[in-house]
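Understanding the architecture of this molecule
Chain by chain, the residues run as shown.
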Amino acid sequence: MTVEALSAAEGGTDAVASAPPSGARQVWRRLRGQRAALAGGAVIALFVLVAVAAPLLAAIEGQDTTSYHAGLVDSASGGVPLGTFGGVSGSHWLGVEPGTGRDLFARLVYGSRISLIVAFGATVLQVLLGVLLGLAAGLGNRFLDGLLSRITDVFVTMPALIFAIALLAVVPDGFPRPVLLMLVLGLLAWGGIAKIVRAQVLTLKSLDYVAASRLGGSGPWRTARRELLPALVAPVVTYAAILLPSNIVSEAGLSFLGIGVTPPTPSWGQMLSSASTWYQADSAYVLLPAVLLFVTVLAFTVFADGVRTALDPRVASRLRVGTGRRKQAKADAGSSGTVSPEAVASGKVSPDVAEPETASRKAVTGE
Amino acid sequence: MRHLSFTSRRIGVIAVGLALAGGAVACGPKSGDDAKSGSDGKPKQGGTLYVLNNQAQEDFDPARLYTSGGGNVPSLVYRTLTTRNRADGAAGSKVVPDLATTTGEPSKDATVWTYHLKDGLKYEDGSPITTADIKYDIERSFAPELSGGAPYLRDWLEGAADYQGPYKDPKGLSAIETPDAKTIVFHLNKPEGEFPLLATQTSFAPVPKAKDTGTKYAAHPVSSGPYKVISNENNGEHIVLKRNPNWSAATDDQRKAYPDTIDVQSGLDQAVINQRLSAGVGKDADAVTTDTNLGPAELAKVTGDKNLAKRVGTGHFGYTDYIAFNPKVKPFDNIKVREAIAYAVNRTTVINAQGGSSLNEPATTFLPAQASFGYTPYDPFPAGKTGDPAKAKELLKEAGYPNGLTVSLTHDVTKGDEQGPEVATAVQEALKAAGITVKLDGQEHAAFSDKIHTLKTEPGFFLTGWGADWPSGGPFLGPIFDGRQIVDNGANFNNAQLDDASVNSEIDAINKITDLKAAAVRWGALDKKIGEQALTVPLWHPVYKRLFGKNIKNVVISDWTGVLDISQVAVK
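Throughout, a residue's number is its position along its own chain's written sequence, starting from 1. Both sets of labels track the order of writing: A upward for chains, 1 upward for ligands. pLDDT decides what is reported in this predicted model: residues at 70 or higher carry local features, side-chain atom pairs at 80 or more are listed and counted, and totals for whole chains, interfaces and linings draw on all residues regardless. Calculated side-chain values reflect all of the structure's heavy atoms, with hydrogen atoms and water omitted.

**Some words on the overall build of chain B**
Helix and strand counts for chain B come out as 16 helices and 19 strands. Relative to the globule expectation of 25 Å for 572 residues, the C-alpha radius of gyration of chain B, 23 Å, shows essentially globular dimensions. In terms of overall dimensions, chain B has a C-alpha envelope of 75 × 55 × 40 Å along the principal axes. For the exposure calls, accessible area comes from a 1.4 Å probe over protein chains only, and a residue counts as buried if that area is under 20% of its type's maximum, exposed if over 50%, partly exposed in between. Sorting the 572 residues of chain B into buried and exposed places 62% on the buried side. By definition in these notes, contact holds between two residues if any of their heavy atoms fall within 4.5 Å. For chain B, restricting intrachain contacts to residue pairs at least 6 apart in sequence, the fraction spanning at least 24 positions comes to 74%. Using a 1.4 Å probe, accessible areas were evaluated by the Shrake-Rupley method; residue-level cover was limited to the displayed protein chains. If you sum the accessible surface of chain B, you get close to 20,000 Å²; carbon and sulfur atoms cover 52% of it. Taken as two groups, the 61 positive and 67 negative side-chain charges of chain B have centres that lie 4 Å from each other. Numbering of helices and strands starts at the N terminus; helices are DSSP runs of H or I of at least 4 residues and strands are runs of E of at least 2. For this measure, only C-alpha atoms enter the radius of gyration; the expected value for a globule follows 2.2 Å times N^0.38, where N is the number of residues. When charges are counted, Lys and Arg contribute as positive and Asp and Glu as negative, whereas His and the chain ends are disregarded. Charge positions are represented by NZ for Lys, CZ for Arg, CG for Asp and CD for Glu.

**Describing the UniProt feature "domain: Solute-binding protein family" (unreviewed entry) in chain B**
Feature annotation in UniProt assigns "domain: Solute-binding protein family" (unreviewed entry) to the following positions: residues 94-484 of chain B. As annotated, residues 94-484 of chain B has a helix share of 25% and a strand share of 19%, and its two end C-alpha atoms lie 28 Å apart. UniProt positions are given in the numbering used here, feature names are shortened, and annotations may be inferred rather than shown by experiment.

**Overview of the packing of helix α5 (residues 54-61) of chain A against helix α6 (residues 104-139) of chain A**
Residues and elements named next belong to chain A. Every axis in this analysis is a line fitted to C-alpha atoms, fitted for helices over the stretch in contact. Angles between the N-to-C directions lie between 0 and 180 degrees. Contact geometry of α5 with α6 gives a least axis separation of 9 Å together with a crossing angle of 175 degrees. As the angle between them shows, α5 and α6 are arranged roughly antiparallel. Taken together, the residues of α6 that come into contact with α5 (itself represented by A54, P55, L57, A58 and E61) are F105, A106, V109, Y110 and R113. For this scheme, ten residues count as nonpolar: Ala, Val, Leu, Ile, Met, Phe, Trp, Tyr, Cys and Pro. Four count as charged, namely Asp, Glu, Lys and Arg, and the remainder, Gly too, count as polar. Taken together, the residues of the contact of α5 with α6 sort by class into 8 nonpolar, no polar and 2 charged. Geometric relationships in this document are graded by angle, where less than 35 degrees denotes roughly parallel, more than 145 denotes roughly antiparallel, 65 to 115 denotes roughly perpendicular, and other angles denote oblique.

**Topic: empty space enclosed by the protein**
Residue and element names in this part refer to chain B. Only protein atoms enter the 1 Å grid, on which a cavity is a set of points fitting a 1.4 Å probe that cannot get out and a pocket is an open set with protein on both sides within 12 Å along at least 5 of 7 lines, lining residues being those with an atom within 4 Å of a point. Grid points are joined across faces, edges and corners, and a volume is the space filled by probe spheres set on the points. On inspection of all chains with the given rule, the structure shows 7 cavities of 30 Å³ or more. With 3 residues, the single largest contributor to the lining of the largest cavity is strand β18 (residues 536-542). Residue classes in the lining of the largest cavity are distributed as 6 nonpolar, 3 polar and 2 charged.

**Observations concerning the sheet that holds strand β5 (residues 112-116) of chain B**
Residue and element names in this part refer to chain B. As summarised here, the arrangement of the 4 strands in space is β4-β5-β7-β6, forming an open sheet in which the pairing is antiparallel. The open sheet has two edge strands, β4 (105-106) and β6 (176-177), and neither has a second partner. Against the sheet, helix α3 (residues 131-140) touches β6 and β7 (183-187), its axis set at about 35 degrees to β7. DSSP bridges decide pairing: two strands pair if at least two such bridges lie between them.

**A word on the UniProt feature "transmembrane region" (unreviewed entry) in chain A**
Residues and elements named next belong to chain A. The UniProt record marks residues 36-60, 114-139, 151-172, 178-197, 228-248 and 284-304 with the feature "transmembrane region" (unreviewed entry), using the residue numbering of this structure. Secondary structure within residues 114-139 divides into 100% helix and 0% strand; the distance between the first and last C-alpha atoms comes to 37 Å. Annotated as residues 284-304, this span is 100% helix and 0% strand, and its ends, taken at the C-alpha atoms, are 30 Å apart.

**Side note on the domain arrangement of chain B**
Residue and element names in this part refer to chain B. Delimitation of the domains relies on an automatic or database domain assignment. Here chain B is described as being made up of domain 1 (48-262 + 552-568) and domain 2 (319-543). Computed over C-alpha atoms, the centres of domain 1 and domain 2 are 33 Å apart. Listed by partner, the interface residues are 19 residues for domain 1 and 16 residues for domain 2. For any pair of parts, buried area is found by adding up, for both, the accessible area (1.4 Å probe) each one loses once the two are put together. Carbon and sulfur atoms supply 59% of the area that domain 1 and domain 2 bury against each other, a total of about 1,400 Å² over both sides. Throughout this description, the term salt bridge denotes a Lys or Arg side-chain nitrogen within 4 Å of a carboxyl oxygen of Asp or Glu. Between the two partners, domain 1 and domain 2, sit 0 salt bridges. Polar contact is the term for a pair of N or O atoms within 3.5 Å; when the atoms are in protein, one must be able to donate a hydrogen and the other to accept it, and sequence-neighboring residues count only if both atoms are side-chain atoms. In this assembly, domain 1 and domain 2 are joined by 7 residue pairs in polar contact (both at pLDDT 80 or more). Of the residues that constitute the side of domain 1 that touches domain 2, the class distribution is 11 nonpolar, 5 polar and 3 charged.

See below:
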């Protein structure tokens, strides 16, 4: 949709001639071209599968997350697991936890559930809030815009981690912890997405087709629904894909600090925290959650970058350059810039379009 | 980042004063039988000993320090009427004379205690030490400006309950008489056979009135011990001590004082201390720590390295970690439920969660496993090393819970803490086998302490621990089981809120005994009698393992403190 809309906005006959059959399919085609993104996607799919099948996997191994195995650790040496690589054996595929002898494979696969559920839930919440408030600010009058923008600024500048720690400390223990983590992360970190949506809305508002819709008598919400939301899909999806790994890291960080899920529920951050002193005595225990976290976050980030590229209209135009569909553009084929000079000259690319990208880059480096 | 401190367990010097942590080197270390000197040859005088610590030696004023046996660093500067015996193991839990000629001459009913000073005692400036100066320091310890010391004297001395210290009330305490410069007499309001053990605390050190500078005294105290304070930065963070030429070994058979200089650096991360001691580079070869234990992971590394293992001192401080019940909360009013939990607990997994069998010894008695406390082995609910869930189920059935029950266990969320989540989870898992579902109620460190020591909020089932101010049954059982020590407003340690006339009267009777050995036997019998009521489930007694530097000689670790004694250590 987005690409169509933007192509339509560009208005050239060439663009119409080369218009893709459907937006989603085109995005998929572009994604398919990026091996790194595909690999990232495959890793994500695998982790989701593991998380969903955690009980099954643990059952196949024949272990659970909470049973203690006092016989598998050397009590006199501080509880270090007996055997190599942290006590790896046929019945404990990834070894056992020092001190308790709990099965690490079962704890890791169950731990992935917490990481993914919390991260997905928080991201959905952030996107919902961000889009809603961004739209309201972009479409509202000056007062509403000012108010919402300042509130957004406050949330963007607020040290979310510190605030999350404070919030998590005061909520009573009875409240289900994963839901709480989801809410806290979701309610605190929606500022970035709201800013991007507002900026996009302001740009789109001045475009002809939106103006036409409004002149045609549509109210602001109808315009938002029919004309703006479809155009917002690209930046929002891109930003959400970047938020997700950062939410995984936040959950792990909070669990690391001891205010995430309560024991004995396993979570990667919590395991990493317990493991941090064991790096010399039982390095396998530290490496497992650390590597898993690293791979997951890397996979999501690479995939997010792929999605961003696939949705980026300027990349789209460059691709067309590459395939020689626009004769005029041939001259630019050698240039490394993503924006063709004539596109800028003709005002087809508004400076605002660059915002999602720079904003998201900031978000990545800033986290 | 408190959770990081679990690399090495902090010495749990809970004792009566939770305040200990900062002020006291109180619980010193002691040396185990296997911990001998790091290098060969006889210890010689000279050199500089470095002490690497986590907790600062705050408020270095003898009136403010809350110590056990006079403390470790404080005892280098302040001599007291009596002191702990500087010897390895059980011999080290004896009380011996220091400034005084004896450990005290009691009146018949142990309410009047008389001490005479040795001859030739001098301060660092060469002036003589008198009993009036000891009386003066005790009076100072009552001054609100100099808070922090142990509360015993206010409770024990006749007519001292409302005394406000010598600055507001220069008349002084009438309960302490000094008929001449070498004699001091204490009049108590009740029999206290353990008075000689109290007289080891630094409030019994001499402070010359003419040199008293009030709250500033801590910076430059007048030394009566083998070392004098050269500098004291940031309220005890860095203290440098040098030999006091006016101290004479002839009047002090306890302190060896081998090094010429002792440099105490605090505020270090516990992992850093252990790393530096194990590497032993440069000055760190001449270093020890008095407050940082080896953690489980560090122990795993050390046991695999022969050279390091030689440099580990093992000590036993009298301490018990246990599950406490509040019988005012259902279902713990039912003794069968409490017994069921006592049977179901698996001490092996609990101990493994807390660092394994080298750092903890399983406990079935409330008193620590040392003769000086009156240790009498007993196990009213024998369940073996791993618990007896079948027996527990049986008891639950008798209690009216044939289908098991759900309870809430309150614990500290601090990782690696003795009352931390690892231990709570191990208890939870063990009780699951007996059909008891345990919900974990984790509380932040300070909130946890407040909650369990406040009568109104005290939960029914929680983890806690207890150590005593001196190695005897009195300060161990009294605050926990004496009905008259239930505190309505403020910190209450009688968790079970037990107020049993027979227990109270036995405590009074034992306090009259001045023969500490005879008293110990009675304390042991009382412990056994209380143990049968299943008001607590003793879990383990901690063992302290601490590294010392390559050049360290003459490591002495008494059962009184559990840490190596700085006054005995040599670096040459």
